[in-house]
Structure formats: structure tokens, C-alpha cells
Amino acid sequence: MNRKNGKVAGKLYDVTVVGGGVAGLAAAMTAGRLGLQVLLLEETVFGGSVAVIERLEGYPGIEATGGWEFTQIMVKQAEAAGCLLRESIKVSGVRPQTNSQFAILCSGKERFQSRSVIVCSGGSPRALGLQEEERFARRGIHTCAQCAGGRYKGQDVAVAGNGSFAARAARHLLELGCRVFFITGDAQISADVQLVKELESRNGLDFMGRTHVTALLGDDFLQAVEVADLASGGTRKLAVAALFVFRSLVPNSELVEARRDAGGFLTVDTNGMTSLPGVFGAGRVVRPDLPVEVMVGDGCRSAIAAAAWLRKRVEP
Ligand SMILES: Cc1cc2nc3c(=O)[nH]c(=O)nc-3n(C[C@H](O)[C@H](O)[C@H](O)COP(=O)(O)OP(=O)(O)OC[C@H]3O[C@@H](n4cnc5c(N)ncnc54)[C@H](O)[C@@H]3O)c2cc1C
């Protein structure tokens, strides 16, 4: 078994996985189990966005579990499959070379050689694009209720956006005793039926359909938001201690020069290969946020495709 953070420079890897979220960990483990030499490079800590999810629900075959526990099992499985996993190393670029290899350029001037690459670098939450948003970041504006919700226990807060992650955030905030304004441009909450029923049966949820946030107000910390009605254009000020934003993602796709769609997501074929032969993409760098189980499957599938692609190159 390889050691975490061991010395790896100079060696040629079969597969280098960029990003240690669930898609990357699944890709690494699958490629390792197929007998490939795998290096995984993670900018921060293993687990990605799932590591901070308090309660992971709906994963087939697994009862509800914590995101941290779930991802740490994936780390162990990838290590047991012989993969070398490194944290705190940012990949700055993937460059094709003339000899059918890729140079993986990293922060701190480290570089690695690889015969194929699976990009699983995820994405960052898209901002609302309002004035003062940066100033209030983590001073009332957040993108993760499970991480920051605890400091607003029992207070009035708002969730902006829609979808199952926004709905789960609202539930979490209600469980913390908050009054929650659910601000969405849609006419209803869009999440699984059970969750919507649960939210509707709880006290403390103020659903504000067909509205959107137009201004952020406060001194050092957010104190209120201005909300506009999409139909009438009329505005209303809501005093809230925090706003949890759930919009689409900005994919971290810049590190590879491959084709992207209008939203910046890497475009891939049915095997997960990008327009750059030998470079695959998986997880939320190729598609908007979907549940963990989809991203895990995506990572596994790309690893299988990468192995087949490598095999064809040695056995034409
Ligand atoms: C607020 C929120 C709540 C969610 N709640 C749920 C939920 O309850 N249930 C559920 O099923 N799903 C949930 N999801 C979706 C889930 O988080 C995603 O499906 C999953 O995280 C996608 O995994 P990923 O590996 O593609 O990306 P990420 O988890 O984003 O992982 C990408 C990794 O790549 C690393 N990285 C980025 N750039 C580089 C680089 N240049 N070099 C090296 N490493 C890099 C990042 O540090 C990160 O660790 C939620 C998502 C959000 C945003």
C-alpha cells in the first residue's frame, strides 16, 4: 500500500486524478482496483463538499450516515487499492506532451507525469452577483447551512435558491430553531416529495415563491435583505441574521484546455472523455450538482473508461 504524502515526483503514473471529492476518490479506487498506478492530488482535504454534509441520505444500500465518515471510508478504500493520495497540493494545469503523456503542473512547482488524467475538481458556488456580497461573505452570507448554521440558532434567516440541497438546508435551519424565509424564483419548492411534505408540516418556514434577493444590507454583518416580487416588481425588506445561497456552480474546469459548455462545465463523451484524448472528467466539473451517488458512479465509470483507453494504446 502506498503512503499518503509520500515522495512521488519523477514517476510515470497510469492515471492522475485531480480532486479528492467523492468523484475523485471513486475514480482513484476503481482505477487502483483495475491494477493501474494511480496518483490523486487534492488541493485541500479529502472528501470535497460531501465531507461537511451532516447527514447523507438516499444513498442506495446505505442507511443515513455522516458525510465525513462516508468520505473517510472512501479514502481508506482508495489507499487499500494501492493509490497514492496527496492532500494540500493544487493542480495548476494539465499539459499534453509529445510522447502521449501529460505533465501535471502543481502549486509549489511540483510536477508529475501521467499517461491519462481524470479531472474531478468540482466547482465553487455561484454568487448572487450583488453589491456587498463579498464583504458579507461568512459574515452573514454562506453557502453551507450544515457548516455555518449553528451560529444562527433560533434566529431569522433566509435561504435563496431552490432544489434538494436548498430544501435540506432549510430543514437543517428549522431544526436549529430558526425562522426560515425560503426565497425562490419558482412557484414551489423543488425537492423529493418526502422532504417537501416534511418542510410544509413544520412551523417556521416562510415560503416566498416568485421572488428574488435584490440587495444586501448591514454594517459589519448582514442584517437584512431586500426581496423583490418577480411579478409586481415591488420590494420588501426582511431582517435576517444570515442568507444561505444555493445557486448553480462555477465549475473548476480551467486547469485543462478541453471543450466546455456555456456554463463552463467540461463536455465529455459517453465514456466521460473530454475533447482532449486521455483526459476524462467526472463529478460536478462536468455536470451541475446532483446527489452523491451519481457523482460516485461518474467517477467509477471514468476510471473504467480510462483503463480501457490505456489498454487500447498498448494493445492496438
Ligand atoms: C450546499 C450543498 C449541499 C449538498 N448536499 C448534498 C446532500 O445532502 N446529499 C447529496 O447527495 N449531495 C449533496 N450535495 C452534492 C454533493 O456535494 C456533490 O454531488 C458532490 O460533492 C460532488 O462531488 P465531486 O467530487 O464532483 O466534487 P467536490 O465535492 O466539489 O470535490 C472536488 C474536489 O476537488 C478539489 N479541487 C478543486 N480544484 C482543484 C485543483 N486545482 N487541484 C486539486 N484539487 C482540486 C476540491 O478541493 C474538492 O475537494 C450538496 C452540494 C452542495 C453544494
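For the structure itself, consult the block above.
The written sequence of each chain sets the order in which its residues are numbered from 1. It should be noted that, the model being predicted, local features are given only for residues of pLDDT at least 70 and side-chain atom pairs only at 80 or more, the latter also being counted only at that level, while totals for whole chains, interfaces and linings use all residues.

Participant: Got a minute to help me understand the site of the ligand in this structure?
Facilitator: Residues in contact with the ligand amount to 34 residues; listed here are only the nearest, Gly19, Gly21, Gly48, Gly122 and Gly283. To qualify as a helix, a DSSP run of H or I must reach at least 4 residues; to qualify as a strand, a run of E must reach at least 2; elements of each kind are numbered from the N terminus. When contributions to the shell around the ligand are tallied by element, the ones reaching two or more residues are α1 (22-33), α4 (164-175) and α6 (292-314). Broken down by element, the residue count for the shell around the ligand peaks at three residues, all from α1. By the convention adopted, Pro, Cys, Tyr, Trp, Phe, Met, Ile, Leu, Val and Ala count as nonpolar, Lys, Arg, Asp and Glu as charged, and the other residues, Gly among them, as polar. Split by residue class, the shell around the ligand holds 16 nonpolar, twelve polar and six charged. Only the C-beta atom, placed from the backbone, is used; a residue is near a molecule or strand if that atom lies within 6 Å of it.

Participant: Would you explain the sheet that holds strand β12 (residues 211-218) in this entry?
Facilitator: The strands that make up a sheet are held in pairs by hydrogen bonds between backbone atoms, and each pair lies either parallel or antiparallel. With antiparallel pairing, the three strands of this open sheet are ordered in space as β12-β13-β14. Of all the strands in the sheet, just β12 and β14 (235-239) have a single pairing partner and so form its edges. Direction aside, the axes of adjacent strands within the sheet are offset by 25° on average. The pairing criterion is simple: DSSP has to find at least two bridges between the two strands. Direction of pairing for strand β13 (residues 222-229) relative to β14: antiparallel, over a ladder of five bridges. Residue pairing for β14: alanine 228 is matched across the bridge by threonine 235. To get an axis, fit a line to the C-alpha atoms, keeping to the stretch in contact for a helix; angles then go from 0 to 180 degrees between the N-to-C directions.

Participant: What am I meant to see in the pairing of β13 here?
Facilitator: Walk down a regular strand and you will see the side chains alternate between the two sheet faces. Inspection of the sheet shows β12 paired to β13 by seven bridges, in the antiparallel sense. Paired with alanine 215 across the strands is glutamate 226, a residue of β13. The hairpin turn running from β12 into β13, its antiparallel successor, is three residues long. Here β13 hands over to β14 after five residues, with glycine 233 in that stretch at a positive phi of 80°.

Participant: Mind showing me how you'd approach α4 here?
Facilitator: Residues spaced three or four apart along an α-helix face the same direction, because each turn holds 3.6 residues. For α4, with twelve residues, the first-to-last C-alpha span of 16 Å sits near the 16 Å given by 1.5 Å per residue. Partly exposed residues are those whose C-beta has more than 12 but fewer than 20 other C-beta atoms within 10 Å; with 20 or more the residue is buried, with 12 or fewer it is exposed, and the C-beta atoms are placed from the backbone. Turning to α4, its buried residues number three or more, namely Phe165, Ala166, Ala167, Arg168, Ala169, Ala170, Arg171, His172 and Leu173. Its buried side turned inward, α4 meets α3 (145-148), β9 (156-161), β10 (179-184), α5 (193-200), β11 (205-209) and β15 (242-246). A positive phi of about 85° marks glycine 177, the residue just after α4. Helix span, as expected, comes to 1.5 Å for every residue beyond the first. The contact criterion used here is simple: two residues whose C-beta atoms, placed from the backbone, lie within 7 Å are in contact.

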